[in-house]
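Notes for the structure review
Given next are the chains, with one letter for each unit.
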Amino acid sequence: MPEFPLFLKDLKLRFPNEIFQELEAGRAVREAEVRLLQNLAESETDKDRQNALRRSLVLVTYAHLEGFAKFAMDGYASAVNSAKIPCSEAIAPLVAATLHKTFAALRHIQSKHPIFGGPLPDDSALHMAWREQEFVRQIGPLMATSVNIPDNVIDTESNLSPAVLKKNMYRLGLPFDVLAGHDGHISMLLGKRNQIAHGELTTPTKADTDQYVSTAFDVMQFVQAEVYDALTKKAYQRPVAA
């Protein structure tokens with residue numbers, strides 16, 4: 001397998017053009033590998049070998065679509081984290097991602113008021129009120145902390161369906177509505193990939209694989225463009241009130 005560039009988890013400020021170049025290089029490697037398999041399948045004269053190549057093409061096309069989508073969103077998170085903007089200046093999705101553990105503590109039913117936890121252990125409303133009050137007391141320092149998107153925010157769930165891709169972009173505050181035009185083809189690619197991966201010797205036609213490849217390339221370009229556009233426009237920052 002080819003080696004793709006990795007995003008370094010350091011403290012250095014990462015600029016939009018740097019991210020763009022890394023995404024462009026990563027996408028080029030992935031597209032070249034898909035094109036190679038596509039050309040091999042088209043030039044193969046033996047029917048059985050051609051069918052095997054088309055099945056492989058489906059698996060590789062899906063793998064690169066999923067891999068690149070995560071790669072691009074990881075790059076976005078890396079760049080946003082490196083900007084070190086305070087939560088008070090960031091858009092809501094990124095603040096929510098940064099404060100994920102704080103919200104988890106707020107919902108943790110076993111966390112109880114230190115005094116009332118003994119005499120009133122089952123008073124869930126009281127203990128929730130205490131957790132909410134503690135959250136309010138800490139809101140100032142929390143909003144002053146720098147945005148830090150955790151690694152687990154981006155999760156392709158081993159099945160990059162249209163809903164999963166949109167969900168991840170939503171969590172990062174990235175536009176995802178335009179993806180609706182690709183929903184059907186992404187779902188077909190995922191469905192065919194799952195059939196083949198689970199041992200079904202189903203063979204897609206040339207028209208099918210051409211459509212899968214076209215869809216994968218379009219979606220990869222779309223995600224890359226949205227990441228670069230968001231970084232260039234600093235869309236991760238909350239608009240300043242007039």
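Rules behind the numbers
Residues numbered from 1 in each chain as written. Predicted model: local features only at pLDDT ≥ 70, side-chain atom pairs only at ≥ 80, totals over all residues. Heavy atoms only, no water. Helix = DSSP H or I, 4+ residues; strand = E, 2+ residues; numbered from the N terminus. Buried < 20%, exposed > 50% of the residue type's maximum accessible area, 1.4 Å probe, protein only. Lys, Arg positive; Asp, Glu negative; His and termini not counted. Salt bridge = Lys/Arg side-chain N within 4 Å of Asp/Glu carboxyl O. Contact = heavy atoms within 4.5 Å. 1 Å grid on protein atoms, 1.4 Å probe; cavity = no way out; pocket = protein on both sides within 12 Å on 5 of 7 lines; lining within 4 Å. Points joined across faces, edges and corners; volume = space filled by probe spheres on them. Nonpolar A, V, L, I, M, F, W, Y, C, P; charged D, E, K, R; others polar. Polar contact = N/O pair within 3.5 Å; in protein donor to acceptor, adjacent residues only side chain to side chain. Expected span 1.5 Å × (residues − 1). Phe/Tyr/Trp six-rings, centres within 6.5 Å; stacked < 30°, edge-to-face > 60°. pLDDT = per-residue confidence, 0-100. Axes fitted to C-alpha atoms, helices over the stretch in contact; angles between N-to-C directions. Parallel < 35°, antiparallel > 145°, perpendicular 65-115°, else oblique. Core = buried A, V, L, I, M, F, W, Y, C linked by side-chain atoms within 4.5 Å.

This part covers the side chain of Glu-66. Its location among the elements puts Glu-66 in helix H2 (residues 47–83). No salt bridge is formed by the buried Glu-66; the nearest opposite charge belongs to Arg-193, separated by 5.3 Å. Leaving out residues up to four positions away in the same chain, Glu-66 has contacts with Thr-156, Ser-158, Asn-159 and Leu-160.

Under the criterion given, the structure shown has 12 salt bridges. Between Arg-49 and Glu-44 there is a salt bridge, with the nearest N and O atoms lying 3.2 Å from each other. You can call Glu-44 buried: its relative accessible area is 19%. Overlapping salt bridges bring together Arg-14, Glu-18 and Glu-22 as one network.

Empty space within the second largest pocket amounts to approximately 240 Å³. If you go around the second largest pocket, the residues you meet are Pro-93, Ala-96, Ala-97, His-100, Phe-103, Arg-107, Asn-152, Val-153, Tyr-170 and Arg-171. For the lining of the second largest pocket, the secondary-structure elements that each account for two or more residues are helix H3 (92–98), helix H4 (100–107) and helix H6 (162–171). Along the lines of polarity and charge, the residues of the lining of the second largest pocket split into 6 nonpolar, 2 polar and 2 charged.

So, about the environment of Arg-238. In this structure, Arg-238 sits in the segment after helix H8 (206–232). Remark: the alpha-carbon pair of Arg-238 and Cys-87, spanning 151 residues in sequence, is separated by 9.2 Å. Ignoring any residue separated from it by four or fewer positions in sequence, one finds Arg-238 in contact with Ser-88, Glu-89, Ala-90 and Ile-91. Looking at Arg-238, its side chain comes within polar contact range of the main-chain oxygen of Ser-88, at 2.4 Å.

Before going further, it helps to examine helix H1 (residues 16–43). The terminal C-alpha atoms of H1, which comprises 28 residues, lie 40 Å apart, in line with the 40 Å expected from a rise of 1.5 Å per residue. Buried within H1 we find Ile-19, Glu-22, Leu-23, Gly-26, Arg-27, Arg-30, Glu-31, Val-34, Leu-37, Gln-38 and Ala-41. Buried residues along H1 sit against H2 and H8.

Quick look at the packing of aromatic side chains now. Per the counting criterion, the structure on display carries 4 aromatic pairs. Between the aromatic rings of Phe-20 and Tyr-228, the centroid separation amounts to 4.9 Å while the plane-to-plane angle is 55°, which identifies the pairing as tilted. Of the two residues, Phe-20 is situated in helix H1 and Tyr-228 in helix H8; the sequence distance between them amounts to 208 residues. With a centroid separation of 5.8 Å and 40° between ring planes, the pair formed by Phe-103 and Phe-135 is classed as tilted. Placement of the pair is Phe-103 in helix H4 and Phe-135 in helix H5 (residues 124–144), with a sequence separation of 32 residues.

Okay, the side chain of Gln-50 next. Topologically, Gln-50 is positioned in helix H2. Once residues within four sequence positions are removed from consideration, Gln-50 is found in contact with Ala-41, Glu-42 and Glu-44.

Looking now at H8. Residues three or four positions apart in an α-helix share a direction because the helix packs 3.6 residues into each turn. Compared with an ideal rise of 1.5 Å per residue, which puts 27 residues at 39 Å, H8 spans 39 Å between its outermost C-alpha atoms and is within 8% of the ideal. Following H8 by one or two positions, Lys-234 has its phi on the positive side, about 50°.

Let's shift gears to the confidence of the model for the chain. Caution is warranted with low-pLDDT regions, since their predicted coordinates should not be read in detail. Mean pLDDT for the chain: 87, with 92% of residues reaching 70 or above. Scored below 50 in pLDDT, residues 1–10 makes 21 contacts in the model with residues more than four places away or belonging to other chains.

Right, let's talk about the environment of Leu-231 for a bit. Relative to the helices and strands, Leu-231 resides in helix H8. By relative accessible area, Leu-231 is classed as buried at 6%.

The next subject is the packing of H1 against H2. Running from N to C, H1 and H2 point in directions that differ by 175°, and their axes come no closer than 9 Å. The orientation of H1 with respect to H2, classified from their angle, is roughly antiparallel. When grouped by side-chain class, the residues that make up the contact of H1 with H2 number 14 nonpolar, 8 polar and 6 charged.

For the rest of this paragraph, the subject is the nonpolar core. Ranked by internal contacts, the top residues of the largest apolar core, which has 56 residues, are Tyr-76, Ile-149, Leu-165 and Val-227. Listed by contribution, the elements that provide at least two residues to this core are H1, H2, H3, H6, helix H7 (183–197) and H8. With 15 residues, H2 is the largest single contributor of residues to this core. Residue contacts for Ile-149: discarding those within four places in its chain leaves Ala-77, Val-80, Asn-81, Leu-94, Ala-97, Thr-98 and Leu-172.

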